[in-house]
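Analysis of the macromolecular model
Listed here are the chains, written in short residue letters.
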Amino acid sequence: MRKLLITIGVLLAAACTQESHTLFVGTYSDGFYALDFETGEVIAKAPMPNPSFLAIQDCRIYAVSEMPDESAAVYAWRWGGIGFELLNSQPTGVPQRGEDPCHVVTDGHRLAVSNYSGGTLAVYTLKKDGSIGPMDSLIVSRTGGPDLSRQDQPHVHCAAFTPDGNHLLFSEFSADAIGQVTLVPGGVQDLRTAAMVHNDFGPRHLLFDKSGKHLYVIGELSGIISVFDYENGRLTMKQSVKADQVDARGAADIHFSPDGRFLYASLRLRNDGIAIFLVDPRTGTLTPAGYQLTGPHPRNFAITENLAIVACRDSDQIEIYQRDRNTGLLKDSGRRIPAPKPVFVAMQ
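Parameters at a glance
- Residues numbered from 1 in each chain as written.
- Predicted model: local features only at pLDDT ≥ 70, side-chain atom pairs only at ≥ 80, totals over all residues.
- Heavy atoms only, no water.
- Helix = DSSP H or I, 4+ residues; strand = E, 2+ residues; numbered from the N terminus.
- Buried < 20%, exposed > 50% of the residue type's maximum accessible area, 1.4 Å probe, protein only.
- Contact = heavy atoms within 4.5 Å.
- Areas by Shrake-Rupley, 256 points an atom, 1.4 Å probe, with all protein chains shown as cover.
- Pairing = 2+ DSSP bridges.
- Axes fitted to C-alpha atoms, helices over the stretch in contact; angles between N-to-C directions.
- Salt bridge = Lys/Arg side-chain N within 4 Å of Asp/Glu carboxyl O.
- pLDDT = per-residue confidence, 0-100.
- Phe/Tyr/Trp six-rings, centres within 6.5 Å; stacked < 30°, edge-to-face > 60°.
- Lys NZ or Arg CZ within 6 Å of the ring centre and 35° of its normal.

Details of the overall build of the protein chain
Across its full length, the protein chain carries one helix and 28 strands. Principal-axis analysis of the C-alpha atoms places the extent of the protein chain at approximately 60 × 45 × 40 Å. Relative to its 348 residues, the protein chain shows a buried fraction of 56%. In the protein chain, the proportion of contacts linking residues at least 24 apart, taken out of those at least 6 apart, comes to 47%. With the model as given, the accessible surface of the protein chain reaches about 14500 Å², and the carbon-plus-sulfur share is 52%.

Here it is in structure tokens:
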């Protein structure tokens, strides 16, 4: 019996870690999907309301349910290669402080959920089986930005664990700031402002490069990407570069190419597309390299060695672009995969 259990465990691990062509798609619909990337056919569907963002770690998938009321939650699923198993779910906040969770991230031990309308960051401890424990901490964001129509209430849009494992950073959209807390057993402490960004910036998504020495933050309102040096919990801004050249105030997401040579940014509302930047390997600074028009509302996208996979929410399609490894530029392949209001994509 023990040998059988070990064999099953090995097979499940292989199913989750081997190179495959599975495309995970989050939606503003009644579930998220695993698709066969080659054929576009549905392998499995995980039923839940508005799973707009996923965090994928080995066989575990954590999905936010972006709902505007007390039903807002984060779900833990196990992926076995052919189907999803629900582990559990947890609410993403307290009443009036947990609505519209829009981002989730994990370091393998903790889970952080950003609540846009709730204006909070919820932190959880993960159990050994991958399920989500009760909420450890709920951090309330601030206001202070000049846009009285979009920064009048606190909003949190994204969080990132620092590479040294000591801190958690999060975008304070309405305060034009990057917040920081220190990770401690069973929760967080020492809430402070790690950095201020430009006035009317609206920080949305942030991520570290592979070296862990540089943090990149895109402003939804400004359309600017700011580059910070990171060391021992301290951020120092070193560059700001414009991605949105038409001031559409709808910048969305940023991702690196697998080799780290290029950074890509999705832009919406006008001139919808992907801005492309060359990354200096020494300083981490950015140089504009090109722009690729896409379908309407490219909220989220994924970059592989040879492809850009773009979730175009308002056309109910996922668009596939060929990627030149040398120049970073994209070329429309003409291939489309239908999906209901896709807003997240990831290849496994």
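That shown, we press on.
Re unusual backbone geometry
The backbone of D176 shows a phi angle near 50°, a positive value even though the residue is not glycine. Locating D176 in the fold gives a position in the loop between β13 (167-172) and β14 (177-184). With a relative accessible area of 2%, D176 lands in the buried category.

What about the pairing of strand β22 (residues 273-279)?
Taken across its seven residues, β22 has six buried, putting it largely inside the fold. In the sheet, strand β21 (residues 262-267) pairs with β22 via six bridges, with the strands oriented antiparallel. Following the sheet pairing, A265 is matched in β22 by A275. Linking two consecutive strands that pair antiparallel, namely β21 and β22, is a turn of five residues; a positive phi of about 85° is found at L269 within it. Sheet topology places β22 next to strand β23 (residues 286-293); seven bridges connect them, and they run antiparallel. Bridge pairing in β23 places I274 opposite Q292. Once β22 ends, the chain turns through six residues before running back antiparallel as β23, passing G284 with a positive phi of about 80°.

Focus on the sheet that holds strand β4 (residues 51-57)
One open sheet holds the four strands; their spatial order is β4-β5-β6-β7, and the pairing between them is antiparallel. Two strands close off the open sheet at either side, each with one partner strand: β4 and β7 (84-91). Pairwise comparison of adjacent strand axes, ignoring direction, gives a mean angle of 20° for this sheet.

A closer look at the pattern of salt bridges
Where charged atoms from two side chains of opposite charge approach closely, those side chains can pair. As enumerated under the stated definition, the model contains 15 salt bridges in all. Measuring nitrogen to oxygen at the nearest pair gives 3.4 Å for the salt bridge that ties R299 to E66. Taken together, the residues R299 in strand β24 (residues 298-303) and E66 in the loop between β5 (60-65) and β6 (73-79) connect sequence positions 233 residues apart. As far as burial versus exposure is concerned, R299 and E66 are alike and both buried. Several salt bridges share partner residues, and in doing so they unite R150, R204, E220 and R268 into one network.

Points about the confidence of the model for the protein chain
Per-residue confidence for the protein chain averages 94 on the pLDDT scale, and 94% of its residues sit at or above 70. Note on residues 1-15: pLDDT under 50 across the span, and three contacts to partners over four residues away in sequence or across chains.

Thoughts on the sheet that holds β13
The strand order across the open sheet formed by four strands is β12-β13-β14-β15, and the pairing between neighbours is antiparallel. Every interior strand has two partners, whereas the edge strands, β12 (156-161) and β15 (187-196), have only one. Shown here is a sheet whose adjacent strand axes are inclined to one another by a mean of 25°, direction ignored. Relative to β15, β14 runs antiparallel, the two sharing seven bridges. When the sheet's bridge partners are listed, Q180 is paired in β15 with R192.

Focus: the packing of aromatic side chains
Within this structure, the stated rule accounts for eleven aromatic pairs. Where Y216 meets F256, the ring centres are 5.1 Å apart and the plane angle is 85°; that geometry is what we call edge-to-face. Of this pair, Y216 sits in strand β17 (residues 214-219) while F256 sits in strand β20 (residues 251-256); the two residues are 40 residues apart in sequence, bridging distant segments of the chain. Classification of F256 by relative accessible area gives buried; the value is 15%. Ring-pair connections join several aromatic residues into one group, and the members of that group are F24, F32, Y75, W77, W79 and F84. Positioned above the aromatic ring of F37 is the side chain of R335, whose terminal nitrogen or guanidinium carbon lies 4.7 Å from the ring centre.

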